[in-house]
Amino acid sequence: MKFRFLLWMLGRLMAKASRENPAFRQQLEGRDMVFQLHTLDGKVARHFTVAGQRVTSKRGTATDPAFAIGFKDGAYGFETMTAKNKQLAFMQGIQNKDIQIQGNPALVMWFQGLTKYLMPKKKTEAPKKAA
């Protein structure tokens, strides 16, 4: 359930960033495609459509995604995508065959780079006024 919610939120965050964040939109330029994140057991799947520098997502599998990332199960997918060191978690998962990638690996790297635009901006603490 957590993984399904995480994928739904990822879709919402990417849709919002594609409307409001010029740096994120720049990363989408010329990248019209569909990609998918799912569990290998087929219980959870969500596909994301990039078109015209906008991102939308829908539940379920895509017919012909440019790339797909499959996690052994929902718990593992959630754990990997929320890990402190996501890159290390992904690499270990791929080596252990707990994560399977179909399609163009360069696009997977591009997708991982997109996620940095989705993190909330850290609020800078206002300087304290002297009394």
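Right, let's walk through the structure included here. This one's a predicted model, so the numbers in the text were calculated from it and none came from an experiment. (Residues numbered from 1 in each chain as written. Predicted model: local features only at pLDDT ≥ 70, side-chain atom pairs only at ≥ 80, totals over all residues. Heavy atoms only, no water.)

**Some points on the packing of helix α1 (residues 2-20) against helix α3 (residues 74-81)**
Next, step 1: Interaxial distance between α1 and α3 falls to 8 Å at its minimum, and their mutual angle equals 50°. In terms of axis orientation, α1 runs oblique to α3. Where α1 abuts α3, its residues K2, F3, L6, L7 and L10 lie against G74, G77, F78 and M81.
Next, step 2: In terms of residue class, the contact of α1 with α3 is made up of six nonpolar, two polar and one charged. (Axes fitted to C-alpha atoms, helices over the stretch in contact; angles between N-to-C directions. Helix = DSSP H or I, 4+ residues; strand = E, 2+ residues; numbered from the N terminus. Parallel < 35°, antiparallel > 145°, perpendicular 65-115°, else oblique. Contact = heavy atoms within 4.5 Å. Nonpolar A, V, L, I, M, F, W, Y, C, P; charged D, E, K, R; others polar.)

**Some points on the sheet that holds strand β4 (residues 67-71)**
Next, step 1: In spatial order, the strands read β3-β2-β1-β4-β5; together these five strands make up an open sheet with mixed pairing. In the strand order of this sheet, the two ends are held by β3 (54-59) and β5 (99-103), each with one partner. Between one strand axis and the next, the sheet turns through 15° on average, direction left out of account.
Next, step 2: Relative to β4, α3 is tilted by about 110°, and along the sheet it contacts β1 (33-39), β4 and β5. (Pairing = 2+ DSSP bridges.)

**Observations concerning the packing of aromatic side chains**
Next, step 1: Within this structure, the stated rule accounts for nine aromatic pairs.
Next, step 2: Residues F24 and Y117 carry aromatic rings whose centres are separated by 6.2 Å and whose planes lie at 75° to one another, so their mutual orientation is edge-to-face. Linking F24 in helix α2 (residues 22-28) with Y117 in the segment after α5 (105-114), this pair joins segments that are 93 residues apart in sequence.
Next, step 3: Overall, the relative accessible area of 23% leaves Y117 in the partly exposed class.
Next, step 4: For the ring pair F35 and F111, a centre distance of 5.1 Å and an interplane angle of 55° mean the geometry is tilted. Of the two residues, F35 is situated in strand β1 and F111 in helix α5; the sequence distance between them amounts to 76 residues. Exposure class is identical for F35 and F111. Each is buried. (Phe/Tyr/Trp six-rings, centres within 6.5 Å; stacked < 30°, edge-to-face > 60°. Buried < 20%, exposed > 50% of the residue type's maximum accessible area, 1.4 Å probe, protein only.)

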